[in-house]
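# Structural description and commentary
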Amino acid sequence: LDYFLGSELPTTYSKHELMDIISEHEDSEHSPIDADEERILHGALQFSHLSVIEVMTSSNKVVSFDEYQKLTDLFYTKVNESGFSRLPVYSGDPSNIVGILYVKDLIVEDENISIKQTEEALERSTLTVKGKDMLDVVLSKMLKTRHHIAIVRNSEKKFIGVISLEDIIEEIIQQEIEDE
C-alpha cells in the first residue's frame, strides 16, 4: 500500500486540539483521565505562553528587609507573620535587592546581629529574570541554578517584583498551593 499510496503523513495536533482531546477523554466513561489530570495537563500546555509579569508578586506587595535590620523579637514576629520562607534583602532602598534571606537558617544565627552579619541565612547570589521572560524559560533557569525564587526586573533593570517556583507550579497545576 505504501508503494501505491505513498507513506502516511504523521498526524500532529495543535495545543488547542490536544486540550480538546484531553477534555473529550475526561468526559468519557471509558477513559482513566480524571478532572485533576485534565486540569494539570491543560495547565502544562498553557504555562509556556505566560510571561513572568503575569504571574509574579509585584514589588509593592513583596515583604523584604534592609540588610542592617537587627534580628530582634519584633523582626522574628514580622518574618513569621509574612508566612514566607525566602525574603528579599535590600540595601538602603527597597528596590536595591542584594540577596535572599532564608528563614529556616535564622535558627542558627546569633541574636541582635544584622541580617548582613548572618553566616548562614543571607544568600547574596540571586537569580534575576525579566518581566517579559516566559515561564517555561524561568522554570528551566530555576531548576538549573537550584533557586526557588527570582528577582524580577524590567528592561531598565528596575526591581518590579519576585517570582517563586511555587508561582510557576500553581500555573501548571491550575490550583493555589496553600502553605502551612
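Before reading further, recall that the structure is shown in the block above.
Quantities reported herein were computed from a predicted structural model and do not represent experimental measurements. (Residues numbered from 1 in each chain as written. Predicted model: local features only at pLDDT ≥ 70, side-chain atom pairs only at ≥ 80, totals over all residues. Heavy atoms only, no water.)

A word on the sheet that holds strand 3 (residues 86-91). Spatial ordering of the open sheet is given by 2-3-4-5, a layout of 4 strands whose pairing is mixed. The two strands at the open ends of the sheet, each matched to only one other strand, are strand 2 (65-66) and strand 5 (122-123). In this structure, strand 2 lies alongside strand 3, joined through 2 bridges in parallel fashion. Residue pairing for strand 3: Phe 65 is matched across the bridge by Val 89. (Pairing = 2+ DSSP bridges. Helix = DSSP H or I, 4+ residues; strand = E, 2+ residues; numbered from the N terminus.)

Right, let's talk about the sheet that holds strand 7 (residues 149-153) for a bit. On the basis of which strands lie adjacent, the open sheet formed by 4 strands has the order 1-8-7-6 and mixed pairing. Of all the strands in the sheet, the pair left with one neighbour each is strand 1 (57-58) and strand 6 (127-130). In the sheet, strand 6 pairs with strand 7 via 4 bridges, with the strands oriented parallel. The residue bridging Thr 128 from the neighbouring strand is Ile 151, located in strand 7.

The next point concerns the side chain of Ser 23. Residue placement: Ser 23 occurs in helix 2 (residues 15-27). In this structure Ser 23 comes out as buried when scored by relative accessible area, which is 18%. In terms of polar contacts, Ser 23 uses its side chain to reach the side chain of Glu 38, at 2.8 Å. Setting aside anything within four residues of it in sequence, one finds Ser 23 in contact with Glu 38 and His 42. (Buried < 20%, exposed > 50% of the residue type's maximum accessible area, 1.4 Å probe, protein only. Polar contact = N/O pair within 3.5 Å; in protein donor to acceptor, adjacent residues only side chain to side chain. Contact = heavy atoms within 4.5 Å.)

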